[in-house]
Each structure stands twice: as structure tokens, then as C-alpha cells.
Amino acid sequence: MALLEVRDLHVWFALPSGRELHAVKGVGLDVERGELFGLIGESGCGKTTTVLALMGLLPSSASVAGSVRVDGADVLSGGEKGARAHRWTETAMVFQGSMNAFSPVKTIGWQIAEPMEIHGVASRRAARARAGELLELVGIPAAAARRYPHQFSGGMRQRAAIAMALSCEPKLLLADEPTTALDVMVQAQILELLQRLARELHLTVVLVTHDLPLVAHICDRAAVMYGGEIAEVAAVDALYHESRHPYTRMLFAATPELLGGKDVTSIPGSPPRLDQPIVGCAFRPRCDSAVVRCATDHPALAEVARGHEAACHLNDPATGVLSVPDAGQPAGGAG
Ligand code: SF4
């Protein structure tokens, strides 16, 4: 059984105009224990909304449907109370801005210890001692627990935020753009830290990012989101070398760090508006491989190879107009 099982997850937001924005549309995911899993796509594709739904942290304007299970436990059915019981102890989250979320008037150690006390994981004394151990785990001397946030660099604060997320020993860590606000050297250190923690603690990590090189560097598998849906999911190598969706191929072709000197090709147009109905494939206006049926038929996510799913009509032998790259060949200009 996968540690994280998401089935047919939908999220709608009620807009002041009276319209509804359908931000997440039928997302399904299985993430295995100890896996480092990437959730990637452009801004507005639904990836952050998806992980906020997994944490039960969506605002009251959101409606959620579907099923989320972490280690077999249903996260959504218990409402806010159920989600609160589940946060920190089963699933914890590190945000892009987590390093700025510390209170300036309390020591770092006090703030790392607080969730343990609130959730009854440890007594006050034991929690304070554990805070020092957690700082050591993320590469900060335990004595620094007595310092205040302004006495830490940005990278140290983000490490401390990861330590705090681990304080109640969650099985699943959701990391939403955890390195975006940091300089390149510190980014690499934080990524190495996540990799090490996943390995040493057998922690399952879902890394949400628009940064493909980052995913290529540290993740085992990844899902590509577009227009609130999963466009493709596979092992990272397969996404890169054997992409079965034009959006994935074009994303890689638009990423200079992965092209080894080849020409970068930008993706024309912009992501779809999610407050309006979409007929056919959401990617069609930007797709360089669209066929006639793409304008009318919504492509369903389907297995295209072992452990590899994609939502594109080109994988349907009945379409038979264009073919995707052969397995083993670099996809488009990205390989
Ligand atoms: Fe392009 Fe059609 Fe595939 Fe959508 S279904 S990605 S429009 S080829």
C-alpha cells in the first residue's frame, strides 16, 4: 500500500463574482513510502492547491471532494477537526516562506518544541531537549536553540523550519517551493538535506516546484500538472527521456539547465483560465502536436508503459495521426 493515496481529488473556489474556479480536477496520486516525489508545473497549475488540500489547509472559500489517505488514514472525512489531528503527526509541511514564519520574540528552540507539546508528543522538558536534537539533525548546533530567528541566516531559518516540521515525526513531508527564496548555494544544501532526511528517516517527501532541474536532481518519480489535472506521471528518467505528453516535452525543452547547450524553446501562450469551462484538452491552444479530436475530447490519464501514465490522445493507437518519441529516445529537444 502506498503511503499517500489520493483519489479523484477536486477543489473549487467560490469567487466574489459568483463564479467557481475549479483549481484541482480529479487528481489521483500514489506515493510510496520513502519516496522523493516531485509535483511540477507552471504557476497556477494546481500543485500548491493540491498539497494544501492534503494538509486540510485550504481557506473557507474552497470546496473539496475526493479521497486522501496517509498510511491508510482518511484525511478529508473528519473535517477541520480530523485534519488538525492529522497535521504535524502524520503529515507536515514546509513552505517557501516557512523561514519567515517564526515569531521574532521566541527562541527557535521554543518554537520547534511547541508542536510537540501541543500534540502531546513530548513533555515540555523532553520537547526542549528534542528541539536541540532536531537542529543537529538539520546541521545546526543544538546550542543554537537558544537563539532568536533574527540571529539565524535565511538558510538556517529554513533548516530550522524543516526541523520544526519533523518535530512530531510525520510520515509525510510536503515541501512547497522550499528553496525559492534562497541563494543557489543554500538551495543546494537544503535539497541535500531533504534527500538525506528521506533516506535516513525513511521519510516520504512530496516536493512541489516549478523547477525541473531540481526535480531531475533529487526526485525518484514526478507528476506533471497542467490546468488542475495530472498530465503525466512517471519515474523522472522516463519523463525526461521517454515523455508521453507534449507539455512535459515542451517543459523540458524550455529549461536551459537541462539542455546541455541546445536551443531553448519557450512554450507559447499561457495556462488556461480555470474559472471557465474547458472543452477537449486543456493544453490544446499551446500544443505543437494537437490533432482534430483534441478540440472536443478530454484526454484521460491512462497507463502508457509500466509505471508511466499520461493524458494525451497521441498515446491512443486509434488516433494514429502523430506519434510521440519512441521509448529510449530523447523527447523533442530536451534529451
Ligand atoms: Fe496536445 Fe492533443 Fe495531447 Fe492535448 S491531447 S497534449 S492537445 S496532442
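Conventions adopted
- Residues numbered from 1 in each chain as written.
- Predicted model: local features only at pLDDT ≥ 70, side-chain atom pairs only at ≥ 80, totals over all residues.
- Heavy atoms only, no water.
- Pairing = 2+ DSSP bridges.
- Helix = DSSP H or I, 4+ residues; strand = E, 2+ residues; numbered from the N terminus.
- Contact = heavy atoms within 4.5 Å.
- Axes fitted to C-alpha atoms, helices over the stretch in contact; angles between N-to-C directions.
- Parallel < 35°, antiparallel > 145°, perpendicular 65-115°, else oblique.
- Left-handed = near helix turned anticlockwise from the far one by under 90°.
- Nonpolar A, V, L, I, M, F, W, Y, C, P; charged D, E, K, R; others polar.
- Near = heavy atom within 4 Å.
- 1 Å grid on protein atoms, 1.4 Å probe; cavity = no way out; pocket = protein on both sides within 12 Å on 5 of 7 lines; lining within 4 Å.
- Sits in = over half its atoms within 2 Å of the grid points.
- Points joined across faces, edges and corners; volume = space filled by probe spheres on them.
- Phe/Tyr/Trp six-rings, centres within 6.5 Å; stacked < 30°, edge-to-face > 60°.
- Polar contact = N/O pair within 3.5 Å; in protein donor to acceptor, adjacent residues only side chain to side chain.
- Salt bridge = Lys/Arg side-chain N within 4 Å of Asp/Glu carboxyl O.
- Buried < 20%, exposed > 50% of the residue type's maximum accessible area, 1.4 Å probe, protein only.

Caption draft 1: Region of interest: the sheet that holds strand β4 (residues 62–70). The strand order β2-β1-β4-β5 describes an open sheet built from four strands, whose pairing is antiparallel. Looking at which strands have only one partner, the edges of the open sheet turn out to be β2 (20–31) and β5 (73–74). With nine bridges connecting them, strand β1 (residues 4–14) and β2 associate as antiparallel partners. Considered in β2, the bridge of Glu 5 is made with Asp 30. Contacting β1, β2 and β4, helix α1 (residues 47–55) runs over the sheet at an angle of about 110° to β1.

Caption draft 2: Representation of the packing of helix α3 (residues 108–118) against helix α5 (residues 154–165) in the model. Orientation of α3 relative to α5, taken along the N-to-C sense of each, is 25°, at an axis distance of 8 Å. As judged from the angle between their axes, α3 and α5 are roughly parallel. α3 and α5 meet at a crossing whose hand is right-handed. Packed against α3, whose contacting residues are Ile 108, Gln 111, Ile 112 and Pro 115, the element α5 presents Ala 160, Ala 163 and Met 164 at the interface. Within the contact of α3 with α5, the residues separate by chemical class into six nonpolar, one polar and no charged.

Caption draft 3: Region of interest: the site of the ligand. In the neighbourhood of the ligand, 13 residues make up the surrounding shell, with Cys 281, Cys 287, Cys 294, Cys 312 and His 313 lying closest. More than half of the atoms of the ligand fall within 2 Å of the grid points belonging to the largest cavity.

Caption draft 4: Representation of the sheet that holds strand β11 (residues 302–305) in the model. Here eight strands make up an open sheet; going across it, the order is β6-β7-β8-β3-β9-β10-β12-β11 and the pairing mixed. Taken across any chain shown, the strands that pair with only one partner, and hence form the sheet edges, are β6 (91–94) and β11. Between one strand and the next, the sheet's axes are offset by a mean angle of 25°, whatever the strand orientation. Sheet strands touched by α5: β6 and β7 (172–176). Its angle to β6, the strand with the most contacts, is close to 170°. Taken strand by strand, helix α9 (residues 246–253) contacts β9 (221–226) and β10 (229–235), and its axis lies near 100° from that of β9.

Caption draft 5: Representation of the layout of surface pockets in the model. Roughly 400 Å³ of volume is contained in the largest pocket. Around the largest pocket sit 22 residues that line it, and Trp 88, Met 93, Phe 95, Ala 101 and Met 164 are the ones nearest its centre. The set of elements that each furnish at least two residues to the lining of the largest pocket consists of β6, α3 and α5. Of all the elements, α3 adds the most residues to the lining of the largest pocket, at four residues. In terms of residue class, the lining of the largest pocket is built from 14 nonpolar, four polar and four charged.

Caption draft 6: Expanded view of the packing of aromatic side chains. Evaluation of the coordinates by the stated rule reveals four aromatic pairs. These aromatic residues form a ring-pair network of at least three members: Tyr 226, Tyr 247 and Phe 283.

Caption draft 7: Region of interest: the environment of Asp 30. Summarising the element assignment, Asp 30 is placed in strand β2. Once the C-alpha coordinates of Asp 30 and Val 51 are considered, the two residues, 21 residues apart in sequence, prove to be 13 Å apart. Ignoring anything within four residues of it in the chain, the contact list for Asp 30 reads Ala 2, Leu 4, Glu 5, Arg 7, Glu 35, Phe 37 and Arg 221. There is a polar contact of 2.9 Å between the side chain of Asp 30 and the side chain of Arg 7.

Caption draft 8: A look at the pattern of salt bridges. For the structure shown, the criterion picks out 15 salt bridges. A salt bridge links Asp 30 to Arg 7; the shortest N-O distance between them is 2.9 Å. One end of the pair, Asp 30, is in strand β2; the other, Arg 7, is in strand β1, with 23 residues separating them in the sequence. Residue Asp 30 is classed as partly exposed on the basis of its relative accessible area, which comes to 30%. With relative accessibility at 38%, the residue Arg 7 sits in the partly exposed group.

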